[in-house]
Protein chains: 2
Amino acid sequence: MEKIDLAIIGSGPAGIAAAIYALRRGLSTRIFESEAVGGQAAKAVFVENYPGFAKLTGQELAQKMQEHLASFGLEIEEGNGVAKIKKTGKEFELELENRQKFAAKTVLLATGTENRKLGLPGEKEFYGKGVSYCANCDGPFFRGKKIAVIGGGNSGVTNALYLSEMASKAFLVEFMPELNCDEIYLPLLAKQKNLEILKNTQLLEVIGKEKVEAIRAKDRKTNSEKKILLDGIFIYAGLSPRNGLAKQLGARIDEKGFVKVNANMMGSIEGFFAAGDITGGLAQAVWAAAEGAKAALEAYNYIKGMQK
Amino acid sequence: MEKIDLAIIGSGPAGIAAAIYALRRGLSTRIFESEAVGGQAAKAVFVENYPGFAKLTGQELAQKMQEHLASFGLEIEEGNGVAKIKKTGKEFELELENRQKFAAKTVLLATGTENRKLGLPGEKEFYGKGVSYCANCDGPFFRGKKIAVIGGGNSGVTNALYLSEMASKAFLVEFMPELNCDEIYLPLLAKQKNLEILKNTQLLEVIGKEKVEAIRAKDRKTNSEKKILLDGIFIYAGLSPRNGLAKQLGARIDEKGFVKVNANMMGSIEGFFAAGDITGGLAQAVWAAAEGAKAALEAYNYIKGMQK
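Here is what the cut-offs are and how they apply
- Residues numbered from 1 in each chain as written.
- Chains lettered and ligands numbered in written order.
- Predicted model: local features only at pLDDT ≥ 70, side-chain atom pairs only at ≥ 80, totals over all residues.
- Heavy atoms only, no water.
- Pairing = 2+ DSSP bridges.
- Helix = DSSP H or I, 4+ residues; strand = E, 2+ residues; numbered from the N terminus.
- Contact = heavy atoms within 4.5 Å.
- Axes fitted to C-alpha atoms, helices over the stretch in contact; angles between N-to-C directions.
- Salt bridge = Lys/Arg side-chain N within 4 Å of Asp/Glu carboxyl O.
- Buried < 20%, exposed > 50% of the residue type's maximum accessible area, 1.4 Å probe, protein only.
- Expected span 1.5 Å × (residues − 1).
- Core = buried A, V, L, I, M, F, W, Y, C linked by side-chain atoms within 4.5 Å.
- Least-squares fit on C-alpha atoms with pLDDT ≥ 70 in both.
- Buried area = accessible area lost by both parts, 1.4 Å probe.
- Polar contact = N/O pair within 3.5 Å; in protein donor to acceptor, adjacent residues only side chain to side chain.

**Q** Even after reading the chapter, I still don't get the sheet that holds strand β8 (residues 146-150) of chain A, so can you show me in this structure?
**A** Backbone hydrogen bonds hold the strands of a sheet together, and the pairing may be parallel or antiparallel. Residue and element names in this part refer to chain A. If you walk across this open sheet you meet the five strands as β7-β14-β8-β9-β10, and the pairing is parallel. Whereas interior strands pair on both sides, the edge strands pair on one side only; in this sheet they are β7 (131-132) and β10 (195-198). Contacts between helix α5 (residues 154-166) and the sheet are confined to β8, β9 (169-173), β10 and β14 (232-235), with β8 contributing the most and set at about 170° to the helix.

**Q** I tried to follow the pattern of salt bridges on my own but got confused; where do I start?
**A** If charged atoms from side chains of opposite charge come close, those side chains can pair. Residues and elements named next belong to chain A. All chains considered together, the criterion is met by 30 salt bridges over all chains. We note a salt bridge from E2 to R30, for which the minimum N-O separation is 3.4 Å. Taken as a pair, E2 in strand β1 (residues 2-9) and R30 in strand β2 (residues 29-32) lie far apart in primary sequence, 28 residues in all. Under the relative-accessibility criterion, R30 is labelled partly exposed at 23%. Residue E95 pairs with R99 through a salt bridge whose shortest N-O separation is 3.7 Å.

**Q** Mind showing me how you'd approach helix α1 (residues 13-24) of chain B here?
**A** Side chains that are three or four residues apart share a direction in an α-helix, a result of its 3.6 residues per turn. All names here are of chain B. Along its 12 residues, α1 runs 17 Å from first to last C-alpha, staying within 8% of the 16 Å computed at 1.5 Å per residue. Buried within α1 are the following residues: P13, A14, G15, I16, A17, A18, A19, I20, Y21, A22, L23 and R24. Immediately beyond the C-terminal end of α1, within one or two residues, lies G26, with a positive phi of roughly 85°.

**Q** Just checking my understanding: could you explain the nonpolar core for this structure?
**A** The nonpolar side chains of soluble globular proteins are, as a tendency, buried together. One finds Y50, L69 and V286 of chain A together with Y50, L69 and V286 of chain B to be the most contacted residues of the largest nonpolar core, which totals 92 residues. Listed by contribution, the elements that provide at least two residues to this core are β1, α1 (13-24), α3 (58-70) and α8 (285-306) of chain A together with β1 (2-9), α1, α3 (58-70) and α8 (285-306) of chain B. Filtering out sequence-adjacent residues up to four positions away, V286 of chain A remains in contact with Y50 and P51 of chain A together with Y21, Y50, V286, A289, A290 and A293 of chain B.

**Q** I would appreciate a short explanation of the relation of the copies chain A and chain B in the present structure.
**A** Both copies of the chain are related by a screw-like operation: a rotation about an axis and a shift along it. Once turned by 180° and shifted 0.0 Å along the axis, chain A lies on chain B with an RMSD of 0.0 Å. Taken together, the rotation and translation describe the operation of a two-fold axis. Most of the interface of chain A is mirrored in chain B, where 100% of its interface residues are also at the interface.

**Q** What is the right way to look at the interface of chain A and chain B in this model?
**A** Often, the extent of an interface is quoted as the loss of accessible area on bringing the components together. Opposite the 37 residues of chain A that make contact, chain B presents 37 residues. At the boundary of chain A with chain B, total buried surface from both sides reaches about 3,400 Å², with 58% on carbon and sulfur atoms. Linking chain A to chain B there are eight salt bridges. Between R24 of chain B and D182 of chain A there is a salt bridge, with the nearest N and O atoms lying 3.1 Å from each other. Connecting chain A to chain B are 25 residue pairs in polar contact (both at pLDDT 80 or more). Contributing elements (two or more residues each) for the side of chain A that touches chain B: α1, α3 and α8 of chain A.

**Q** Even after reading the chapter, I still don't get the pairing of strand β12 (residues 212-219) of chain B, so can you show me in this structure?
**A** In the case of a regular strand, side chains alternate between the two sheet surfaces. All names here are of chain B. Bridge analysis of strand β11 (residues 201-208) against β12 gives seven bridges, and the strand direction is antiparallel. Note that in β12 the partner of Q202 across the bridge is K218. Hairpin remark: β12 followed by strand β13 (residues 225-229), antiparallel, with five residues in the connecting loop; positive phi at N223, about 65°.

**Q** What is the right way to read the sheet that holds strand β12 (residues 212-219) of chain A from this model?
**A** Residues and elements named next belong to chain A. Strand order in this open sheet of three strands is β11-β12-β13, and the pairing throughout is antiparallel. Single-partner strands in this sheet number two, and they are β11 (201-208) and β13 (225-229). On average, each strand axis in the sheet is inclined to that of its neighbour by 25°, with strand direction left out of account.

Okay, here's the thing in structure tokens:
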């Protein structure tokens, strides 16, 4: 069993920033990633608000962070996440999906979030058959087709702008009476002639046989329902914390499922830290990176304290 | 008097990140800068820990952030800072050094820190005559000469590495028994043959006639004093918050002079926010940028609340 100082779980901006800071402090550090490098940020069609990069794709930002990390000699193995975690004495034992085991003095959970499932009829049934949570991944399959984006925050709006460029017709469905996106996007939405915005509208059902054929939605003001024929729907209706490993450890989470941390980014278990979207912060790459940096420095302080 | 939503004071990573976020939210925003763009980060010889940029100079990072901001149409006028600030009713009145006046619904103080003065005999007298707080600015004047760097944290160490490349002889003077820098730097220090590290050593005096000629220092273990002949000293012994405008406003500061903020980055005065090193955070560019982003979003929420 390989012994390390810091096991970082998740390779989004929080995890990578933490690794950069930890390696600079001389901690033996590993990053474990169950999916692909970059976290939610990597799935963004484009990122315009990570200070220093005027505009780049989420993939490009993930790539730059990964290269930065590689300059300190650490590579990330994708698709081999942590399956099991427990604390034994002062150390943590981790078992990866490939059964490899590690003992770590500290753990940083940076598993972030995934797009929230709405739990609607048809949503699960047609996942991958017209229902998607990643326009950047699946958008190109809907060229020339009709789609709807659910959610009028920044994620929904930017993905609606992206998808309406390739779809024949796009709907943006927002539950509240107004969109909740940066105002900079409003004129861009207005320019998009094939994009129809349905405010104050609640999605009720995803309908289809083999694949998505329509959605049923309700106008919340008039209570009238309508069926919209389309080929795909992309759901950006909030974020769910990926807290499975925190639960395995018995670390405290709040009522929404985010991991509770103190001012030092430490959770309710000694030596267990969390950073980035999993803590319920700002859901912004720069915020996640900052939390990761702080958590790594605090893990360093904690390990130095253990040695005294 | 020009009326704006958000007046940002200071153009380091916190101020620039805040402006990017505020402009995206549609706030009318200005940045005021009394010196040069980029804050403390811009003075760094090199930056290796701003996630996404493996290695660049502080100036390059400042340049990239400034270009990012310019992509949203905001330019920063250097050397025209805020001279006076007061709150009248619900709004803030600001007067610039050139007497121009602004009324702002919200203010974000992002003036950061400056290197702490030690208050030693000769320190003030020989400032600019061999005493410096910025190796990146003044280092090249000491090519082939003897210098000392005071302070063995990351700032002192990176600047000692930089200066020892051009100086004939360099001393790194640390008050504590050990350096407090990232461990990654220890082998680099060891390689630098003309660099001598004096740990557990207290600087007592800067000595000279027209300009610096020597320092007097005490070995804290043996209590013996020695005089070291040299041409320049560079002081990196902690940071002092630039809190003059917070004091003018009567905003609460802590015992070290940092501005107190709540979880929304708001200070003790309604509509007055602070972000970055002035809040006494991590003194890291990515942390400052994250605080700036959050403060801007909170200023937006505050302004929306004013309109209700």
